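# Examining the three-dimensional arrangement
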Amino acid sequence: MSENKVTIIILASIVGIFFLIAIPSIIISNRNDREKNFPDYTNVQITEKDVEDVSSKSYSDIKYQLEHDHNFAKESLISNFNYKNYSSSNLQELIWNFIFSFELNNTKYISSKGNSKFCLRQSNVVKGFDELYGINITKDIPLFEGYYQYVNYNNNRYCFNYKNVSNEYNNDIKLGIDAISVKDNIVTTNVYVYEYYTTLTSEEKVLINNLENYINNSNFSASSDIVLNNLNGKVTHKQLQFKINSDGKMFKYQILVSKNIDY
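Residues numbered from 1 in each chain as written. Predicted model: local features only at pLDDT ≥ 70, side-chain atom pairs only at ≥ 80, totals over all residues. Heavy atoms only, no water.

### Let's talk about unusual backbone geometry
Backbone geometry places Asn155, a non-glycine residue, at a positive phi of 50°. The exposure class assigned to Asn155 is exposed, which follows from its relative accessible area of 57%. Although it is not a glycine, Asn232 adopts a positive phi angle of roughly 50°. Here Asn232 lies in the loop between α8 (220–229) and β8 (234–244). (Buried < 20%, exposed > 50% of the residue type's maximum accessible area, 1.4 Å probe, protein only. Helix = DSSP H or I, 4+ residues; strand = E, 2+ residues; numbered from the N terminus.)

### As for the state of the cysteines
The term disulfide refers to a covalent linkage connecting the sulfur atoms of a pair of cysteines. Applying the stated criterion to the full structure yields one disulfide. With its sulfur 2.0 Å from that of its partner, Cys119 forms a disulfide with Cys159. Taking the torsion about the sulfur-sulfur bond, which here is approximately 105°, the covalent link between Cys119 and Cys159 counts as right-handed. Of this pair, Cys119 sits in strand β3 (residues 117–121) while Cys159 sits in strand β5 (residues 157–161), placing them 40 residues apart in sequence. When its relative accessible area of 6% is taken as the criterion, Cys119 is described as buried. (Disulfide = S-S within 2.5 Å.)

### Describing the packing of helix α4 (residues 91–101) against helix α5 (residues 122–133)
Look at α4 against α5: their axes get within 11 Å of each other, and the N-to-C directions meet at 95°. Here α5 runs roughly perpendicular to α4, going by the angle between their axes. In this structure, α4 contributes Glu93, Leu94, Ile95, Asn97 and Phe98 to the contact, and α5 contributes Gly128, Phe129, Leu132 and Tyr133. Of the residues assigned to the contact of α4 with α5, the class counts are six nonpolar, two polar and one charged. (Axes fitted to C-alpha atoms, helices over the stretch in contact; angles between N-to-C directions. Parallel < 35°, antiparallel > 145°, perpendicular 65-115°, else oblique. Contact = heavy atoms within 4.5 Å. Nonpolar A, V, L, I, M, F, W, Y, C, P; charged D, E, K, R; others polar.)

### Some details on the packing of helix α7 (residues 202–216) against α8
Angle between the axes and distance between the axes are the two parameters that describe a pair of packed helices. Axis separation between α7 and α8 bottoms out at 8 Å; the angle between their running directions is 155°. When the axis of α7 is compared with that of α8, the two are roughly antiparallel. As for the relative orientation of α7 and α8, their crossing is left-handed in sense. Where α7 abuts α8, its residues Leu207, Asn210, Leu211, Tyr214 and Ile215 lie against Phe220, Ala222, Ser223, Ile226 and Val227. In terms of residue class, the contact of α7 with α8 is made up of eight nonpolar, two polar and no charged. (Left-handed = near helix turned anticlockwise from the far one by under 90°.)

### Details of the pairing of strand β4 (residues 151–154)
The two faces of the sheet receive side chains in turn, since in a regular strand these alternate between them. Sheet analysis places β4 next to β5, joined by four bridges and oriented antiparallel. Residue pairing for β5: Tyr153 is matched across the bridge by Tyr158. Taking the residues between adjacent antiparallel strands as the criterion, β4 and β5 are bridged by two residues, where Asn155 takes a positive phi near 50°. (Pairing = 2+ DSSP bridges.)

### A short note on the packing of aromatic side chains
Applying the stated criterion across every chain yields a total of 22 aromatic pairs. Look at Phe98 and Phe251: their rings are 5.3 Å apart centre to centre, the planes differ by 55°, and that puts the pair in the tilted class. Taken together, the residues Phe98 in helix α4 and Phe251 in the loop between β8 and β9 (253–260) connect sequence positions 153 residues apart. Across this residue pair, the class does not change: Phe98 and Phe251 are buried. When the ring of Tyr192 is compared with that of Phe220, the centres are 5.0 Å apart and the planes differ by 20°; the resulting orientation is stacked. With Tyr192 in strand β7 (residues 186–196) and Phe220 in helix α8, the pair connects residues that are 28 residues apart, well separated along the chain. Residues Tyr192 and Phe220 agree in their burial class; the two are buried. (Phe/Tyr/Trp six-rings, centres within 6.5 Å; stacked < 30°, edge-to-face > 60°.)

### Quick look at the sheet that holds β3
Read across the sheet, four strands follow the order β2-β3-β5-β4 without closing on themselves; strand pairing throughout is antiparallel. At either end of the open sheet lies a strand with only one pairing partner, and these are β2 (112–113) and β4. Relative to β5, α4 is tilted by about 80°, and along the sheet it contacts β3, β4 and β5. Docked against the sheet, α5 engages β3 and β5, running at close to 100° with respect to β3.

### Regarding the sheet that holds β8
Pairing is antiparallel in the open sheet, where five strands are placed in the order β1-β9-β8-β7-β6. Each edge of the sheet is formed by a strand with only one pairing partner; in this case those strands are β1 (81–82) and β6 (172–183). Most of the contacts of helix α2 (residues 57–67) go to β6, to which it runs at about 140°, and overall it touches β6, β7, β8 and β9. On top of the sheet, α5 reaches β1 and β9; it is set at about 55° to β9, its chief contact.

Dropping the structure here:
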């Protein structure tokens, strides 16, 4: 009995040491993968309590994080969408935003990548559309090839033409958030989406700096005026409802609803 007890203690000690070494290694590995796959990702965490008081530091910190999150900015272009009544009628726009929002550094899920296209296996396409839009795209995948300027089927993979998308859109995007709320892990934000193109002349740099200052001070009237009248850009005031994919493989935000507030 004594020998068995010693054996059990030794085995338990070995198992304990293993977990002490393995768990931190797994956490570090996952963090390193996330930093490599999503180099511009901001680890935003939002609870109902964080945004109850608009004058609190937690609220202003979250507002600032979302406004400066590269991945969130790209996904903010998704428009007129509700995951509950999705139909294939707006499939082209969903494919375009899927390509535009996809992080090309995330090679873990890319089967192959060239100078103009990245390719995914069908299972990863389905997973990606669920992560980004909260929809099951399986039944509509056969329609993808009809949008040949953006996607084609090759060797059991769907290849997405990111070059065509980048040729169509090379604007800068800035966000100004004027409301945040959370319910049942769904975040609702009212956000000004500022889109404009510049060649970064000295005059434009001053305007952009002013724009950023106005956004940081929540002066959305002045920031809109700069974009519309000085940068010849576009301003869209919209409401986004989204979830944060804490374990997202391809997309860190899941856009559930996007609708314009001002028309």
